[in-house]
Amino acid sequence: MNNSTSYFGDWPPLSFDFIPPHPSQDADLLQQLSFIPGLKEFLLLRQVHALEHATVWVLGENKNPYSLPGTTTKMPLDDELLGGLSTEQGFFLYGDVNISDLRRAVTLAKHRLTSGEWDLAVHPRCGTNVSVAMLLTAGLAATVPFILPFRPVEQLIGFGLAATAAAEIAPDLGMLTQRYLTTSIPFNLVVENITIARDFWGKESHFVKVYWQD
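Residues numbered from 1 in each chain as written. Predicted model: local features only at pLDDT ≥ 70, side-chain atom pairs only at ≥ 80, totals over all residues. Heavy atoms only, no water.

Below, the discussion takes up the confidence of the model for the protein chain. In the predicted model, the protein chain carries a mean pLDDT of 84, and 84% of its residues have values of at least 70. For the stretch residues 1-13, pLDDT sits under 50, and the model shows 39 contacts to residues farther than four places along the chain or on other chains. (pLDDT = per-residue confidence, 0-100. Contact = heavy atoms within 4.5 Å.)

What follows concerns the pattern of salt bridges. Side-chain pairing between opposite charges can occur once the charged atoms of the two side chains come close. All chains considered together, the criterion is met by six salt bridges. In this structure, the salt-bridge partner of Arg112 is Glu117, at a minimum N-O distance of 2.9 Å. Residue Glu192 pairs with Lys209 through a salt bridge whose shortest N-O separation is 3.9 Å. Of this pair, Glu192 sits in strand 5 (residues 189-198) while Lys209 sits in strand 6 (residues 204-212), placing them 17 residues apart in sequence. Given the relative accessible area of 42%, Glu192 is considered partly exposed. Here the salt bridges do not stand alone but share partners, grouping Glu61, Arg112 and Glu117 into one network. (Salt bridge = Lys/Arg side-chain N within 4 Å of Asp/Glu carboxyl O. Helix = DSSP H or I, 4+ residues; strand = E, 2+ residues; numbered from the N terminus. Buried < 20%, exposed > 50% of the residue type's maximum accessible area, 1.4 Å probe, protein only.)

A separate point is the packing of aromatic side chains. Summed over all chains, the structure comprises four aromatic pairs. Ring geometry for Phe92 and Phe200: centres 5.6 Å apart, planes at 75°, overall edge-to-face. Of this pair, Phe92 sits in strand 4 (residues 90-94) while Phe200 sits in the loop between strand 5 and strand 6, and the two are 108 residues apart along the sequence. Owing to a relative accessible area of 6%, Phe92 belongs among the buried residues under this scheme. Assessed through its relative accessible area of 59%, Phe200 is described here as exposed. Taking the centre distance of 5.8 Å and the plane angle of 85° together, the rings of Phe200 and Trp201 count as edge-to-face. (Phe/Tyr/Trp six-rings, centres within 6.5 Å; stacked < 30°, edge-to-face > 60°.)

Before going further, it helps to spend a moment on a nonpolar patch on the surface. Taken together, the side chains of Ile19, Ile169, Leu173, Leu176 and Tyr180 make up a nonpolar region of the molecular surface, amounting to roughly 410 Å² of accessible area. Checked against the element boundaries, Leu176 lands in helix 5 (residues 152-182). Classification of Leu176 as partly exposed rests on a relative accessible area of 39%. (Patch = residues over 30% accessible without salt bridge, like charges linked within 9 Å, V, L, I, M, F, W, Y side chains within 5 Å. Areas by Shrake-Rupley, 256 points an atom, 1.4 Å probe, with all protein chains shown as cover.)

When the terminal C-alpha atoms of helix 5 are compared, their 39 Å separation across 31 residues is substantially less than the 45 Å that a helix rising 1.5 Å per residue should span. Ala170 marks where helix 5 bends most, by close to 40°; the proline Pro171 follows one to four residues later. What helix 5 keeps buried is the set Gln155, Gly158, Ala162, Ala166, Ala170, Gly174, Met175, Thr177, Gln178 and Arg179. (Expected span 1.5 Å × (residues − 1). Bend = angle between axes of the 7 residues up to and from the residue.)

Attention shifts here to the pairing of strand 5. Summarising the sheet, strand 5 and strand 6 pair through nine bridges and their orientation is antiparallel. Along strand 6, the bridge assignment pairs Thr195 with Phe207. With antiparallel pairing between neighbouring strands as the criterion, strand 5 and strand 6 make up a hairpin whose turn holds five residues, including Gly202 at a positive phi of roughly 85°. (Pairing = 2+ DSSP bridges.)

Below, the structure is given as structure tokens:
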């Protein structure tokens, strides 16, 4: 299996060269640490999360493909009208999508992920990035009172610098968090079916149901 590097819109190239995925990594981990409560659900959720992201990328690619200048290579565009929500049973897909197109996209997304296009597992609009940005901003802001004089001007400058630093660091940190913590290549996922369903809040969507297979 070859490592993959690719561009998604204006985002920089991502690479899994540091810790390349292995087909049995999650299954081996589950076998070794099966005594940990909720481990299987956590590992399953990570794989579902990756498949959700890859499906959104593939749907965007099919809808709005473009070529790099001077090449015929098609690159995916992010369709901001599409969104998803992952659970341990599968993921909800929101947006105007034909169910037949969704079935093809899910199948292709899983194939591309497990064949080496690992960067499809991460997405710039993922809620992980928002959470990381909020935590980073709060953490840096919390240090301001301890490192700067407790005077209004200095404190305001400090909070401004903290917010700026967080905004600069958060995107890369968020993508790393997705890559190594909140997603995993779906080597163990089997797609059971895709149906029109309502989510936890009653919103209509498509639901891609999956199950774990060693």
